[in-house]
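The lines below spell out each chain.
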Amino acid sequence: MDKRFVRTNERIRARELRVIDDEGNQLGILPPFEALKLAKEKNLDLVEVSPTAQPPVCRIMDFGKFMYETEKRERAAKKHQHVITVKEVKFRINVDEHDYQTKKNHVLRFLGEGDKVKATIFFRGREMTRQGLGREILERVIKDIGDKGIVEFRPRQEGNTLHLILAPPKSQGGQKPKPLQAQAPQQAKPQQAKPQQSAAPAEPQPQPQEKQG
């Protein structure tokens, strides 16, 4: 809020005002001089809070304190806001494997910090005849990044520069896998229900033989 555009006290020009006091009570519709008199009696200000209303709505308050608290809240809100910036990582068409892995890790780190990444290949002189190789490198970057980034713009040629734009992945909440412990009791019950059914059948007892006289 810019206090330069907020009318207060004698700067309020409407013929009549709907007035709210410093405790939130409706005082009704009053002429400006009377509303300003009530504000001065309390050593407060008359502030136009809704200039487009008919009639405009004004409130009796400490305007300096109100602006200080408003600016304080706005500064606190800005501290919690993450400003997305675009970080550039430059590749060469003759990049070796170690250098490629290093630059790829830079891309992953920037995406992990919530920033966008512009992966660029700059062609010099005769390298313009090898644009296909540059495109293969950027396509490899896309494949290696996988689901850790979103392709916002696929590789595109602008003059002697080939680049792509990667953005951080969107957060996915509420999809956590269920813990395995919750399923363990259900799997154990069938094994404990019939512990003796799998026992081998009892062997038949031998019958005594009759003696022949």
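Residues numbered from 1 in each chain as written. Predicted model: local features only at pLDDT ≥ 70, side-chain atom pairs only at ≥ 80, totals over all residues. Heavy atoms only, no water.

**Brief notes about the overall build of the chain**
Within the chain, the regular secondary structure consists of 5 helices and 8 strands. The N-to-C order of helical and strand elements in the chain reads β-β-α-β-β-α-β-α-β-α-β-β-α. Counting across all 213 residues of the chain, residues that qualify as buried make up 27%. Contacts spanning at least 24 positions in sequence make up 56% of the contacts within the chain whose residues lie at least 6 apart. Working note: accessible area of the chain is about 16400 Å², and carbon and sulfur atoms make up 50% of it. (Helix = DSSP H or I, 4+ residues; strand = E, 2+ residues; numbered from the N terminus. Buried < 20%, exposed > 50% of the residue type's maximum accessible area, 1.4 Å probe, protein only. Contact = heavy atoms within 4.5 Å. Areas by Shrake-Rupley, 256 points an atom, 1.4 Å probe, with all protein chains shown as cover.)

**Let's talk about the packing of helix α3 (residues 97–112) against helix α4 (residues 131–145)**
Interaxial distance between α3 and α4 falls to 11 Å at its minimum, and their mutual angle equals 55°. Judged by the angle between their axes, α3 and α4 are oblique. Crossing handedness for the pair α3 and α4: right-handed. Residues E97, Y100, Q101, K104, V107, L108 and L111 of α3 pack against I137, R140, V141, D144 and I145 of α4. When its residues are assigned to classes, the contact of α3 with α4 shows 7 nonpolar, 1 polar and 4 charged. (Axes fitted to C-alpha atoms, helices over the stretch in contact; angles between N-to-C directions. Parallel < 35°, antiparallel > 145°, perpendicular 65-115°, else oblique. Left-handed = near helix turned anticlockwise from the far one by under 90°. Nonpolar A, V, L, I, M, F, W, Y, C, P; charged D, E, K, R; others polar.)

**Re the sheet that holds strand β4 (residues 57–61)**
Read across the sheet, 4 strands follow the order β2-β1-β4-β3 without closing on themselves; strand pairing throughout is mixed. Across the chains shown, the open sheet's two edge strands, defined by having one partner strand only, are β2 (26–30) and β3 (45–50). Each strand axis lies, on average, 30° off the axis of its neighbour in the sheet, ignoring direction. Inspection of the sheet shows strand β1 (residues 17–20) paired to β2 by 4 bridges, in the antiparallel sense. (Pairing = 2+ DSSP bridges.)

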